[in-house]
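# Fold and contact review
Residue strings, one per chain:
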Amino acid sequence: MSAPTTPPPQRPSGVREVIGYNWPLYAGGLSAVAGGLALAQRLPPLPATLARTGALTAAALLLGSTAACWWVYDHSELYSLDWLSRLLPDGPRDHLVLSTGLDEISHPLAVRHPGSPQIVVDLYDPALTTEGSIRRARRRVPPRPGTLPGRPSRLPAATGSQDTVFAVFAAHELRRAADREALFAEITRTLRPGGTLVLVEHLRDGSNTAAFGPGAWHFMPRREWLRLADGAGLHTVTETRIAHLVTAFAFRRSPA
């Protein structure tokens, strides 16, 4: 009898998965489009124009955000990690990967850097990570075997044990500022002197607002990440843009 095989890791989410995780928003948007166009046929000219404008605006937001998701998640270098050498020319070495319910970076990292020891920590907690999309994503994509549970105020890693910590689309899911502050303090604790936090996030900025409309308010502004890093004793080394809509920061702990 042949030995059981481990199924291959699921590929990182693309636009199809993003729609699946956020289907209530898409359903609401499509309902607004259909409702506005239907209503416009029964209204006087001016209200009808407003109804059609609203419907077309909703349609444009849906199409624009879907195209942006395709560009970032299906088409860019995001999950190939080709951008990482710009932030970590020497590689991650001992590293910790943080997720808040959906881990899609630890496997690509392990494949790209097989000689670098890796710890994967999941901070998912329905009381802290409150977005419905995260709950749906977690049901569809369970944590990788060996993933350790953690909390923003306590990461399961020894003090000064990590050369790099990765937080890729994870930290913004902690909606309370106090939880984000606790997490950054813990990241600093786990980093060796001179170690690096690689933070990857959409920002609440002009580009993301143009692409995602009101959905961009789910993201944090750049100043919030700089504030958190500064408060935790981390200084900015460099940052790079991925597909024009994602920012990857490298924050360094002082070598002293």
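What follows deals with the packing of aromatic side chains. By the definition in use, this model includes 5 aromatic pairs. Each ring, one from Trp 70 and one from Trp 71, has its centre 6.4 Å from the other, and the planes form 45 degrees; the classification is tilted. Given the relative accessible area of 42%, Trp 70 is considered partly exposed. Its relative accessible area of 34% is what places Trp 71 among the partly exposed residues. When the ring of Tyr 73 is compared with that of Phe 169, the centres are 6.0 Å apart and the planes differ by 75 degrees; the resulting orientation is edge-to-face. Taken as a pair, Tyr 73 in helix H3 (residues 45-75) and Phe 169 in the loop between strand E4 (162-168) and helix H7 (177-190) lie far apart in primary sequence, 96 residues in all.

To continue, consider the pattern of salt bridges. What the rule picks out here adds up to 14 salt bridges. One salt bridge in this structure joins Asp 94 and Arg 192, with 3.0 Å as the shortest N-O distance. With a gap of 98 residues between them, Asp 94 in the loop between helix H4 (84-87) and strand E1 (95-99) and Arg 192 in strand E5 (residues 191-202) connect regions that are remote in the sequence. Relative accessible area serves as the criterion here: at 23%, Asp 94 is assigned to the partly exposed category. Via salt bridges that share partners, Arg 180, Glu 181, Glu 224 and Arg 227 belong to a single interconnected network.

With that settled, consider the side chain of His 95. Structurally, His 95 can be placed in strand E1. Side-chain polar atoms of His 95 contact the backbone oxygen of Arg 93, separated by 2.9 Å. Apart from the residues lying within four places of it in its own chain, the contact partners of His 95 are Leu 109, Ser 116, Pro 117, Gln 118, Ile 119, Gln 162, Thr 164 and Phe 166.

Let us now look at the layout of surface pockets. It is the rolling of a water-molecule-sized probe over the atoms that shows where space remains empty. In this model, the largest pocket occupies a volume close to 1000 Å³. At the level of elements, helix H1 (15-21), helix H2 (23-40), H3 and helix H6 (132-140) are the ones that each hand at least two residues to the lining of the largest pocket. If you tally residues by element for the lining of the largest pocket, the top one is H3, at 6 residues. When grouped by side-chain class, the residues that make up the lining of the largest pocket number 20 nonpolar, 11 polar and 4 charged.

What counts and how
Residues numbered from 1 in each chain as written. Predicted model: local features only at pLDDT ≥ 70, side-chain atom pairs only at ≥ 80, totals over all residues. Heavy atoms only, no water. Phe/Tyr/Trp six-rings, centres within 6.5 Å; stacked < 30°, edge-to-face > 60°. Buried < 20%, exposed > 50% of the residue type's maximum accessible area, 1.4 Å probe, protein only. Helix = DSSP H or I, 4+ residues; strand = E, 2+ residues; numbered from the N terminus. Salt bridge = Lys/Arg side-chain N within 4 Å of Asp/Glu carboxyl O. Polar contact = N/O pair within 3.5 Å; in protein donor to acceptor, adjacent residues only side chain to side chain. Contact = heavy atoms within 4.5 Å. 1 Å grid on protein atoms, 1.4 Å probe; cavity = no way out; pocket = protein on both sides within 12 Å on 5 of 7 lines; lining within 4 Å. Points joined across faces, edges and corners; volume = space filled by probe spheres on them. Nonpolar A, V, L, I, M, F, W, Y, C, P; charged D, E, K, R; others polar.

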